[in-house]
Every structure is written in structure tokens, then in C-alpha cells.
Amino acid sequence: MLKLVIFVVFVAYVAASPAVKSDALSAGTEKHWSKPPTLEDDCEAGATQCAANPSSDPFVKPGDCTHFYQCSNGYLCTMDCPDDLVFNPEIKVCDWPWNVTNCGGGPSPPYYDPDCLSPSGIPISRLPFAKPGDCDSYYKCWRGHRFEFDCPLWFVFNPKTGCCDWPIKVPGCGPTLPPKPVPPPSCTDKNGKPLSTGPMAKPGDCNNFYQCGAGILYTMPCAPGTVFNPDKKSCDWPYNVPGC
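All values reported here derive from a predicted model rather than from experimental measurement.

About the criteria used
- Residues numbered from 1 in each chain as written.
- Predicted model: local features only at pLDDT ≥ 70, side-chain atom pairs only at ≥ 80, totals over all residues.
- Heavy atoms only, no water.
- Pairing = 2+ DSSP bridges.
- Helix = DSSP H or I, 4+ residues; strand = E, 2+ residues; numbered from the N terminus.
- Axes fitted to C-alpha atoms, helices over the stretch in contact; angles between N-to-C directions.
- Buried < 20%, exposed > 50% of the residue type's maximum accessible area, 1.4 Å probe, protein only.
- Contact = heavy atoms within 4.5 Å.
- Disulfide = S-S within 2.5 Å.
- Phe/Tyr/Trp six-rings, centres within 6.5 Å; stacked < 30°, edge-to-face > 60°.
- Patch = residues over 30% accessible without salt bridge, like charges linked within 9 Å, V, L, I, M, F, W, Y side chains within 5 Å.
- Areas by Shrake-Rupley, 256 points an atom, 1.4 Å probe, with all protein chains shown as cover.
- Salt bridge = Lys/Arg side-chain N within 4 Å of Asp/Glu carboxyl O.
- pLDDT = per-residue confidence, 0-100.

### Considerations on the sheet that holds strand E1 (residues 43-45)
Piece 1. In spatial order, the strands read E1-E4-E3-E2; together these four strands make up an open sheet with antiparallel pairing. A strand with exactly one partner marks an edge of an open sheet, and here the two such strands are E1 and strand E2 (59-61). Shown here is a sheet whose adjacent strand axes are inclined to one another by a mean of 30°, direction ignored.
Piece 2. Inspection of the sheet shows strand E3 (residues 64-72) paired to strand E4 (residues 75-80) by six bridges, in the antiparallel sense. Across the sheet, Tyr-69 pairs through a bridge with Thr-78, a residue of E4.

Below you can see the structure in the form of C-alpha cells.
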């Protein structure tokens, strides 16, 4: 009877022992970890692409710009590029589309301005030249590309010298001067003798004309609705007088 009691106490002690409990948990954990891992859907075993190099650098996935391949321990894995990027096989990383041929970018013929090409179509650099219709700015070519520059305040571009200059030195870019007034006709001869003449045109005035009488210059009006005709030396209908 005493031996039975001792055996029961010993069993209870072993069951409550932390070491034994830890060993049991460890055994259970080892059993859980021993389950073989499952491969994700984007990896493929036994792919020929990974036969020569089981662990490789990224390489292109034919016909797919937004994904790339990479071998890992013999598995061929399909990898995604981040949003808005594509795989660049030259540098083996995801890159902006315009840097990758056939993926939204790639090389394209450079644009050259026609003003910056030689007669044979070779890009050139040239000295400053006039911008048509603009006195304050000018163009300059560098390796086939045209650039626009502004002259400093109060200056205009002088195409003859190829630099900015005072407006008064550049025809068409200086201040607009009023036309010189046309002196009225004289009603005396070279000896100062008074003259009387027939009607004469008054420059810039269709509705009036000049006439000398006894050395005095008179401005005479045409009748309403008519203009002075210098060919007939009389007032006439406007449609018979060009410019009036």
C-alpha cells in the first residue's frame, strides 16, 4: 500500500515538472515546424531559365513590362514592379517608363529647330539673329537647338551687329516720328510777283484744295459728298479718286 502511494506521488511530481512540460511543448513545436513550406503561386520549380544559375539577378519577362523574373534556389519567381514603373533590363531594376524601350519610352529621333540646321541638315550653333517682328528679343542656336533671349531694358536687337543696341540705331525699332509737314505752295514766283492759280491738291486732305488768288493762298472746300480730284483739278465723286 505504501509503495502504491509513493508511485502516485512520483507521477504527479513528474506531470507538474516544468522541464517535462517544456519538453512536451518543444516536441509539439518541432512537429509543427517539420511541415514542409508551400511555394507561392508566383514561383515555379524546375524552370529551364534557372538551370544554369539557380540564384540569379533580375531579368526580363518577355512581353511584360511591369513584371520581371528572378531565380531563387532553382525556383523561377515572377516579381512585380511598383506602380507606374516598368522593368529596365539594362540596369536590372524597375525604372520610369520613358527610360525603357517599348515600355512607354526609349530612344526617339531628337528634334532640331529648322533655324539651327545647316543646308545639309546637320545641327549647328550660330551667332544671335533677329526674332521676326520682335525688337526686344533675339534667337541663338546651340547644337541644333534654338533659344530665345531678351535685350536689357531700353535696348533692342540690332541684326547688323548681332547685339542689343540703342533703338535709334535700329530701323523700325526706334520711336515713331511724325511725318514732316509738307509746306504749302507759294503764291509768288521766283521774283516775288503775286500769282493767281487754278485749284491744287492739299496733301492729306480729300475734302479741301488750295488755290492762289493775287498772291494769297486760299483753302477751298469741296461740296458735301465730293472730294478733290487732282487729275481733273476739280471736286469729284469719291469713287473716282483713289485713296479718298
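### Some remarks on the sheet that holds strand E7 (residues 126-131)
Piece 1. Strand order in the open sheet formed by three strands is E7-E8-E9, and the pairing between neighbours is antiparallel. This sheet does not close on itself; its edge strands, each paired only once, are E7 and strand E9 (145-150). Going across the sheet, the axis of each strand differs from the next one's by a mean of 30°, ignoring polarity.
Piece 2. Sheet topology places E7 next to strand E8 (residues 134-142); four bridges connect them, and they run antiparallel. Bridged to Lys-131 within E8 is Asp-134.

### Details of the environment of Ser-56
Piece 1. Structurally, Ser-56 is set in the loop between E1 and E2.
Piece 2. Residue Ser-56 is classed as buried on the basis of its relative accessible area of 13%.
Piece 3. The spatial distance from the C-alpha of Ser-56 to the C-alpha of Cys-71 is 5.0 Å, given a sequence separation of 15 residues.
Piece 4. Apart from residues lying up to four places away in sequence, Ser-56 is in contact with Gln-70 and Cys-71.

### As for the environment of Phe-228
Piece 1. In this fold, Phe-228 is placed in strand E15 (residues 227-229).
Piece 2. Sequence separation between Phe-228 and Phe-209 is 19 residues, and the spatial gap between their C-alpha atoms is 6.5 Å.
Piece 3. Ignoring anything within four residues of it in the chain, the contact list for Phe-228 reads Pro-199, Met-200, Ala-201, Cys-206, Asn-208, Phe-209, Cys-222, Lys-233, Ser-234, Cys-235 and Val-241.

### Thoughts on the pairing of E3
Residues in a regular strand project their side chains so that they alternate between the two faces of the sheet.
Piece 1. One ladder, built from three bridges, connects E2 with E3; its direction is antiparallel. What sits directly across from Val-60, in E3, is Phe-68.
Piece 2. Between the antiparallel neighbours E2 and E3 lie two residues, among them Gly-63 with a positive phi of about 75°.
Piece 3. Between the end of E3 and the start of E4, which pair antiparallel, lie two residues, with Asn-73 showing a positive phi angle near 55°.

### Describing the state of the cysteines
Piece 1. As enumerated under the stated definition, the model contains 10 disulfides in all.
Piece 2. Cysteine Cys-163 remains unbridged, with the sulfur of Cys-164 as its closest cysteine sulfur at 7.0 Å.

### What about unusual backbone geometry?
Piece 1. Even without being a glycine, Lys-92 presents a positive backbone phi close to 65°.
Piece 2. By the element assignment, Lys-92 lies in the loop between strand E5 (86-88) and strand E6 (93-95).
Piece 3. Assessed through its relative accessible area of 41%, Lys-92 is described here as partly exposed.
Piece 4. Even without a glycine there, the phi angle at Arg-143 is positive, about 55°.

### Points about the packing of aromatic side chains
Piece 1. Evaluation of the coordinates by the stated rule reveals eight aromatic pairs.
Piece 2. Measuring from centroid to centroid gives 5.7 Å for Phe-59 and Tyr-69, while their planes differ by 50°, and the two rings are tilted. Within this pair, whereas Phe-59 is found in strand E2, its partner Tyr-69 is found in strand E3, the two being separated by 10 residues in sequence.
Piece 3. In this structure Tyr-69 comes out as buried when scored by relative accessible area, which is 15%.
Piece 4. Each ring, one from Trp-96 and one from Trp-98, has its centre 5.3 Å from the other, and the planes form 5°; the classification is stacked.

### Digging into a nonpolar patch on the surface
Piece 1. On the surface, Leu-153, Trp-154, Trp-166 and Ile-168 cluster together into a nonpolar patch covering about 600 Å² of accessible area.
Piece 2. Assignment of secondary structure puts Trp-166 in the loop between strand E11 (163-165) and strand E12 (200-202).
Piece 3. Here Trp-166 falls in the partly exposed class, since its relative accessible area comes to 46%.

### Brief notes about the confidence of the model for the chain
Piece 1. When pLDDT is averaged along the chain, the result is 81; 79% of the residues meet or exceed 70.
Piece 2. Ranking the helices and strands of the chain by mean pLDDT puts strand E10 (residues 156-158) first, with 96, and helix H2 (residues 18-33) last, with 35.
Piece 3. This stretch, residues 1-38, has a pLDDT under 50; its non-local contacts, to residues over four places away or in other chains, come to one contact.

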